Amino acid sequence: MQPTRRFWGTAGVGVVLTAAAVLFARPLLFVPAAAVFAWLLASQVAFVHALSRFDDSLAVTQSFDREATVVDDPAVLSITVDGTPASLSVTVRPQMSAGLISESEVDHEFGDLIQVSLRSPVAGTHRVSSPEFEIRDPIGLFSERLARGPPKQLRVEPRRPRRVHVGEGGDTIAASFGEHTGSRGEGGLVPAELREYTTAESANRIDWKATARLPTTHVREFEAETDLATILIIDARSGLDIGTDGETAMDYLRAAALNYLAAAKSLGDPVGCFGIDDDGVRRLVAPTSSTRGLERVREAISDLTSESDSGRRRRTPPLAVRSRQLDRETTFGRTLATYTGARPPAASSADPVTAAVRSARQHHSGTVQFAVFTDDADRADVRNAVGAAKPADNPISVFLAPRVLYEPGSLAELPRAAERYGGFERFRRTLANLEGVRAMEVAPGDRLDTVLEATAIEGASTA
């Protein structure tokens, strides 16, 4: 309970009357002074009593009109309050984290259905704390602030790009998401049977190795192994911010990774996540199949950005790195250096994608399924990463963003863009021809169509 300026002004009147009674030897002045102080005390007791009754009767609920929104799209927070304020004056003020922006009034009168439109320019999970109640007595002598009601969280997703194409050579392959891809067949790990191919089936189902040995075209059926752990490795280095705002290579790779996660979740497989940034490889979430664990994986993917160093989150350097900055002239510095000096700093890898695969293999024994999301800037690193998955016969799916389809102005010279895409496609096919490897492109559908049309026209004119 906080006295207001009106309280202190009224109390000052009582003090002046008391001082005048003493200075001027007028005992009768003590009577109005005592009346003032008695009235203030009675008002205080009445306010405390009314405040206690109101607090006991108060019921507060908070809810959003949707579970999640996207960057800069509003979500409506509804606050319902119920209670008996009696003669008290009550104002309700929602409490939002710094990442949320309100587009309506901050203060609201008690008793109204409070609806606040919120938006955020930053992806992530934002907290809305318990609303604050500012309570005053009818005369305005006292005030109190209470925070009541359950907090809520609003998940803000990155704005997903349009027409996310995932496929092979321009052909969309929706079935590639989340499948068990240990063999070069349609997607199971355990071969079940070999049978003849029918014209109603997709040509992608053909087992070309078996067909080469047999007189007719055959396909092989596969049975998916259960509980195959899937490790997502997502490249979020600063070079992947290439492209227009909201449609960078990182935006498309993130969208593909979220779709992959949704498919793996439907299969009930454990899923973990590693991230690659400019500082190296980080294990974000260990493989899990629980609802909360998969939500953590989704949040980790959504929070990955490819911003430059100035825009990325600051992380505390490892102790081995900070030990170089210790003041060894002090006893504390020398003592701490004794412990940190024994731990050599982690060596940085020239091939971060390969390092991520190796790190994942070290953390998880047995067969795991890898899904790598990166671009084709360092093709040698991608090839090495595929090789790093092979010693334990780990199946691997590689989702590549062709840089030619993201670089601003790259489509201004379509013949040159078509030539570069052709080089990317040859690289992708080289990977896809390896046993246990699926290699797919992640691209803006409209830009890919433009390049493919240019390739077809050029091929026709050459013929």
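Residues numbered from 1 in each chain as written. Predicted model: local features only at pLDDT ≥ 70, side-chain atom pairs only at ≥ 80, totals over all residues. Heavy atoms only, no water.

Glancing now at the overall build of the chain. Check the secondary structure of the chain and you find eleven helices and 23 strands. Taking all 463 residues of the chain together, 44% fall into the buried category. Across the chain, contacts joining residues at least 24 apart in sequence account for 70% of those joining residues at least 6 apart. When the accessible area of the chain is evaluated, it comes to approximately 24,200 Å², of which 52% is carbon and sulfur surface. (Helix = DSSP H or I, 4+ residues; strand = E, 2+ residues; numbered from the N terminus. Buried < 20%, exposed > 50% of the residue type's maximum accessible area, 1.4 Å probe, protein only. Contact = heavy atoms within 4.5 Å. Areas by Shrake-Rupley, 256 points an atom, 1.4 Å probe, with all protein chains shown as cover.)

Here the focus is the pattern of salt bridges. Across all of its chains, the model carries 21 salt bridges by this definition. Ionic pairing is found between Arg403 and Asp375, a salt bridge with its closest N-O pair at 2.7 Å. With Arg403 in the loop between β22 (396-401) and α10 (414-432) and Asp375 in strand β21 (residues 369-375), this residue pair connects regions lying 28 residues apart in the sequence. Put simply, Glu425 and Arg429 hold a salt bridge, and the shortest N to O gap is 2.9 Å. With a gap of four residues between them, Glu425 and Arg429 both fall in helix α10, about one helical turn apart. The exposure class of Glu425 is buried, given its relative accessible area of 8%. Ionic contacts of the salt-bridge type, sharing partners, join the residues Arg93, Glu132, Glu134, Arg136 and Arg145 into one network. (Salt bridge = Lys/Arg side-chain N within 4 Å of Asp/Glu carboxyl O.)

Strand order across the open sheet formed by eight strands is β13-β12-β23-β22-β21-β16-β19-β20, with mixed pairing between neighbours. In this open sheet, the two edge strands, each paired with only one partner strand, are β13 (171-172) and β20 (280-288). Examined bridge by bridge, strand β16 (residues 230-235) and β21 share five bridges and lie parallel to one another. Counted as the bridge partner of Ile231 is Phe370 from β21. (Pairing = 2+ DSSP bridges.)

Quick look at the environment of Phe7 now. Turning to its location among the elements, Phe7 is positioned in helix α1 (residues 5-23). Each C-alpha atom of the pair Phe7 and Phe142 lies 7.1 Å from the other, and the pair is 135 residues apart in sequence. Apart from the residues lying within four places of it in its own chain, the contact partners of Phe7 are Leu40, Leu141 and Phe142.

Glancing now at the sheet that holds strand β2 (residues 59-64). Sheet architecture is open: four strands sit in the order β2-β4-β8-β6, paired in antiparallel fashion. Since the sheet does not close on itself, it has two edges, and those belong to β2 and β6 (101-102), each with one partner. With five bridges joining them, strand β4 (residues 75-82) and strand β8 (residues 114-119) adopt antiparallel strand pairing. Counterpart to Leu77 in the pairing with β8 is Val116.

Predicted confidence across the chain gives a mean pLDDT of 79, with 80% of residues reaching 70 or more. Low confidence marks residues 181-190, where pLDDT is under 50. Its contacts with residues over four positions away, or in another chain, come to 44 contacts. Taken together, the stretch residues 308-322 has pLDDT below 50 and engages in 15 contacts with residues farther than four places along the chain or on a different chain. (pLDDT = per-residue confidence, 0-100.)

Here we take up unusual backbone geometry. Backbone geometry places Ala25, a non-glycine residue, at a positive phi of 55 degrees. The topology assignment puts Ala25 in the loop between α1 and α2 (30-57). Accessibility expressed as a relative area gives 59% for Ala25, which makes it exposed. Positive phi outside glycine occurs at Ala86, with the angle close to 55 degrees. Within the secondary structure layout, Ala86 lies in the loop between β4 and β5 (89-96). Taking the relative accessible area as the measure of exposure, Ala86 reaches 64% and is therefore exposed.

The biggest cluster of nonpolar side chains holds 66 residues, and the ones touching the most others in it are Ile233, Ile301, Phe370 and Phe373. In terms of residue count, the dominant contributor to this core is helix α4 (residues 249-267) (ten residues). Apart from residues lying up to four places away in sequence, Phe373 is in contact with Leu232, Ile233, Ile234, Asp235, Leu253, Ala256, Ala257, Tyr260 and Phe399. (Core = buried A, V, L, I, M, F, W, Y, C linked by side-chain atoms within 4.5 Å.)

Moving on, we get to the packing of helix α8 (residues 352-363) against helix α9 (residues 379-389). Where α8 contacts α9, the two axes come as close as 7 Å, and the packing angle between them is 15 degrees. Relative to α9, the element α8 lies roughly parallel. Crossing of α8 over α9 shows right-handed handedness. Across from Pro352, Val353, Thr354, Val357, Arg358 and Arg361 in α8, the residues of α9 making contact are Asp381, Asn384, Ala385, Ala388 and Ala389. Its residues assigned to classes, the contact of α8 with α9 comprises six nonpolar, two polar and three charged. (Axes fitted to C-alpha atoms, helices over the stretch in contact; angles between N-to-C directions. Parallel < 35°, antiparallel > 145°, perpendicular 65-115°, else oblique. Left-handed = near helix turned anticlockwise from the far one by under 90°. Nonpolar A, V, L, I, M, F, W, Y, C, P; charged D, E, K, R; others polar.)

Attention now goes to α4. Taking 1.5 Å per residue, 19 residues should reach 27 Å; α4 reaches 27 Å between its end C-alpha atoms and fits that length. Counting buried positions along α4 yields 14 of 19 residues, so the element is predominantly enclosed. The first or second residue beyond α4 is Gly268, which carries a positive phi of 80 degrees. (Expected span 1.5 Å × (residues − 1).)

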